[in-house]
Amino acid sequence: YLRIHALLQREGLKVNKKRVYRLYCLEGLNLRCKAKKKRVSAPRIEIRSESRPNESWAMDFVSDQLFNGKRFRSLTMLDSFTRECLAIHVDRSIQGTDVVQVLDRLKATRGAPAYIRVDNGPEFISKALDLWASQEGVRLHFSRPGMPTDSALIESFNGNFRDECLQTNWFLSLEDARTKIEQWRRDYNEFRPHSSLGNKTPSEFALDQGILNPAC
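Basis of the calculations
Residues numbered from 1 in each chain as written. Predicted model: local features only at pLDDT ≥ 70, side-chain atom pairs only at ≥ 80, totals over all residues. Heavy atoms only, no water. Pairing = 2+ DSSP bridges. Helix = DSSP H or I, 4+ residues; strand = E, 2+ residues; numbered from the N terminus. Axes fitted to C-alpha atoms, helices over the stretch in contact; angles between N-to-C directions. Contact = heavy atoms within 4.5 Å. Salt bridge = Lys/Arg side-chain N within 4 Å of Asp/Glu carboxyl O. Buried < 20%, exposed > 50% of the residue type's maximum accessible area, 1.4 Å probe, protein only. Polar contact = N/O pair within 3.5 Å; in protein donor to acceptor, adjacent residues only side chain to side chain. Patch = residues over 30% accessible without salt bridge, like charges linked within 9 Å, V, L, I, M, F, W, Y side chains within 5 Å. Areas by Shrake-Rupley, 256 points an atom, 1.4 Å probe, with all protein chains shown as cover. Parallel < 35°, antiparallel > 145°, perpendicular 65-115°, else oblique. Left-handed = near helix turned anticlockwise from the far one by under 90°. Nonpolar A, V, L, I, M, F, W, Y, C, P; charged D, E, K, R; others polar.

**What about the sheet that holds strand β4 (residues 115-118)?**
Spatial strand order, β3-β2-β1-β4-β5: 5 strands in an open sheet with mixed pairing. The open sheet has two edge strands with one neighbour each: β3 (85-91) and β5 (139-142). Pairs of neighbouring strands in the sheet enclose a mean axial angle of 25°, with direction left out of account. The sheet contact formed by β4 and β5 spans 4 bridges and is parallel. Bridging from a neighbouring strand, I116 pairs with L140 of β5. Running at roughly 35° to strand β2 (residues 71-79), helix α3 (residues 96-110) makes contact with β1 (56-65), β2, β3 and β4 of the sheet.

**Regarding the pattern of salt bridges**
Enumeration according to the criterion identifies 13 salt bridges in this entry. What emerges from the salt-bridge pattern is a single network uniting E182, R185, R186 and E190.

**What about the side chain of E84?**
Residue placement: E84 occurs in the loop between β2 and β3. Given a relative accessible area of 0%, E84 falls into the buried group. One polar contact links E84 to R110, side chain to side chain, over a distance of 2.3 Å. For E84, the contacting residues outside a window of four places in its chain are M77, L78, D79, R110, N189, P202, A206, P214 and A215.

**Observations regarding helix α2 (residues 17-26)**
With a side-chain oxygen lying 2.7 Å from the backbone nitrogen of K18, the N-terminal cap of α2 falls on N16. Immediately beyond the C-terminal end of α2, within one or two residues, lies G28, with a positive phi of roughly 70°.

**Thoughts on a nonpolar patch on the surface**
Together, Y1, L2 and Y21 give the surface a local cluster of nonpolar side chains, amounting to about 300 Å² of exposed area. Examined against the element boundaries, Y21 turns out to sit in helix α2.

**Observations regarding the packing of helix α5 (residues 152-164) against helix α6 (residues 174-190)**
Running from N to C, α5 and α6 point in directions that differ by 125°, and their axes come no closer than 11 Å. The angle between α5 and α6 places the two elements in the oblique class. In this structure, α5 meets α6 at a crossing whose hand is right-handed. Facing F157, N160, F161 and E164 of α5, the residues of α6 in contact are I181, W184 and Y188. Taken together, the residues of the contact of α5 with α6 sort by class into 5 nonpolar, 1 polar and 1 charged.

These figures come from the coordinates and say nothing about function on their own.
What follows is the structure, given as structure tokens:
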């Protein structure tokens, strides 16, 4: 409801947060969050915060299926500072060479990051990605096994991606999935305000930071 309130303010409407929350509940828009089990974890390694665009990217995979049960995968890429979704590459199978091709496309328009946060999946420990990172001078920061909090931003983004796109759409084909997912990605970058960015969209924040070609 806070995001809806921020959107209403962006439209020039003055409305009280409590009223938005009341209407939000009356319309049945509030979703029940799953309770997370509390557990003791190992001490977390301190990772410095990003201070500029393109300093750090994060990558991960999300799986889903078409209407007929055929599986497909989505490679999600995020700028950790501007919160821009740089790309969502959709295909039935994604190898390390496919990851490199997506990175090359982004590098051509945006430049390469200083480092990329990834997990220990086979696509990210592949020789193709290792060679690309070495040639481009990009460091790969691998999360500890079983510790998704080491890449908390991309994990949070993937949760929103699944809740707001994958679980609310019916994909008739791989091309249909690519079209609908790309529409959601643009909406995420250009329309959806983020409280961590002062209720600006990622594209607006990127422009403020001097990025001439935000990931629209």
